[in-house]
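Listed here are the chains, written in short residue letters.
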Amino acid sequence: MDGQKLRQKLTVSSIRRWVLFAAAVTILASCEAPIPDNYHLKSANERKPTPDFALKDATGATVKLSDYKGKVVLLNFWATWCGPCKVEIPWFMDFQKTYKDRDFAVVGVSMDEDGWDAVKPYVEEKKMNYRVVLGNDQVSQLFGSVDSLPTTIVIDREGRIASTHVGLVAKATYQKEIEKLLEAPKDGPKTGAVRAAGSEFALLHSN
Amino acid sequence: MLSALLAASSLCFIPINAVAQTNVLMMPKPEPVAAKAGTTIEVKLPLQLREGYHVNSDKPPDPYLIPLRLTWDSGPITVAEIVYPKPETRKVDFFAGPLPVFSGHFELLTRFKVAASVPPGLVSVAGKLRYQACNDRMCLPPKTIDVTVPVSVSR
């Protein structure tokens, strides 16, 4: 191979190397950007009954999860200090508005240690249009020790856990899951429903 | 090279929130510090956050965010000043402006006054470090950890 051909080959090879390197850098740089779409509804026979709870809302009224039987529920564990939770709240308000007449409800469980002193002004400031209750460690334990926020559980009409999302996921993920669950017939199977208060599951009362 | 490209693209699919990490801030046990009575000493607290996580700075711009806060109990050795490092800023979806945070390795510096009346010997200075950590997708509950610095006082 003469010198000119060798130089040409080296140049082509270096350009190819740089293009691949630039592509790798671009891929890595784009990693953080999109909020993941983690759509993953469990099939009906994989779903487990949702543990029930009884917690107080800002007015002092007791809210039982079992009261929502027959509805699709988006149960969101959140806190005022949680930035990613703040991203989701307008989405959930939108869902509450769009689907409330189709047997759907959002229930927010705040895990703020400072209680209503911290939560009430936040709920008012953000004009949250769905029910918010104050959570506690017992309720967190019922759902497998909710530690990372947001944690969101989508519950089907029969009171079974259809999906659980830990961390921020795309709005479209929830939307697809809600719509899919709302398509299910209203009078579905009676088995596997939210365990009734006072029977096999612990009914918890907040302070 | 192609394999490097594939490896780079596969990194995008590692779920950062796959496992709940409840202990993301590491703090080595503070070394004993020597001090002469009647002087001022500096104590550095090195901290290391797990990769991908950050804590709010000591002055977060959003009142709902929990600041990083180091406090010391009162005693014969008193706090003169606590110096937090300059935070880095992040662009986040939930706040309009840049968000000041700490990540990776950083140090908190405390200047203590050792009163002239402190008798020679070992004095434990106790404090608390409160923080609240997040990554891009989720947050962990606020945590308060105990900090104790042994100070060997001499004349």
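(A) Geometry of the overall build of chain B. A count of helical and extended segments in chain B gives one helix and twelve strands. In chain B, the order of α-helices and β-strands from amino to carboxyl end is α-β-β-β-β-β-β-β-β-β-β-β-β. Counting the 155 residues in chain B, one finds 26% classified as buried.

(B) Fine view of the nonpolar core. In terms of nonpolar packing, the biggest core is built from 59 residues, with A:Leu74, A:Val109, A:Leu149 and A:Ile178 touching the most fellow members. Of all the elements, strand 4 (residues 72-78) of chain A adds the most residues to this core, at six residues. Counting eleven residues, the second-largest nonpolar core is a separate cluster that includes B:Ala35, B:Phe112, B:Val147 and B:Val153.

(C) Spatial organisation of the sheet that holds strand 9 (residues 105-114) of chain B. One open sheet holds the four strands; their spatial order is 1-3-9-6 (chain B), and the pairing between them is antiparallel. Edge positions in the sheet fall to strand 1 (25-26) and strand 6 (77-83) of chain B, since each of these pairs with one other strand and no more.

(D) Looking closely at the confidence of the model for chain B. Residue and element names in this part refer to chain B. With 86% of its residues at a pLDDT of at least 70, chain B reaches an overall mean of 88. Contacts for the low-pLDDT stretch residues 1-21, under 50 throughout, to residues beyond four places or in other chains number 27 contacts. This prediction of the complex comes with two scores: 0.80 for pTM and 0.82 for ipTM.

(E) Structural context of the pairing of strand 10 (residues 121-131) of chain B. All names here are of chain B. Alignment of strand 5 (residues 69-72) against strand 10, held across four bridges, turns out to be antiparallel. Residue pairing across strands places Thr 71 opposite Lys 128, the latter belonging to strand 10. With eleven bridges connecting them, strand 10 and strand 12 (residues 143-154) associate as antiparallel partners. Along strand 12, the bridge assignment pairs Leu 122 with Ser 152.

(F) Highlighting the packing of helix 2 (residues 83-99) of chain A against helix 5 (residues 171-183) of chain A. Residue and element names in this part refer to chain A. The interhelical angle for the contact between helix 2 and helix 5, taken along N-to-C directions, is 25°, at an axis separation of 11 Å. Compared by their axis directions, helix 2 and helix 5 come out roughly parallel. Between helix 2 and helix 5 the crossing geometry is right-handed. Contacts between helix 2 and helix 5 involve Trp 91, Phe 95 and Tyr 99 from the former and Lys 171, Tyr 174, Ile 178 and Leu 182 from the latter. The residue inventory of the contact of helix 2 with helix 5, partitioned by class, reads six nonpolar, no polar and one charged.

Thresholds applied
Residues numbered from 1 in each chain as written. Chains lettered and ligands numbered in written order. Predicted model: local features only at pLDDT ≥ 70, side-chain atom pairs only at ≥ 80, totals over all residues. Helix = DSSP H or I, 4+ residues; strand = E, 2+ residues; numbered from the N terminus. Buried ≥ 20, exposed ≤ 12 C-beta atoms within 10 Å, placed from the backbone. Core = buried A, V, L, I, M, F, W, Y, C linked by C-beta atoms within 7 Å. Pairing = 2+ DSSP bridges. pLDDT = per-residue confidence, 0-100. Contact = placed C-beta atoms within 7 Å. Axes fitted to C-alpha atoms, helices over the stretch in contact; angles between N-to-C directions. Parallel < 35°, antiparallel > 145°, perpendicular 65-115°, else oblique. Left-handed = near helix turned anticlockwise from the far one by under 90°. Nonpolar A, V, L, I, M, F, W, Y, C, P; charged D, E, K, R; others polar.

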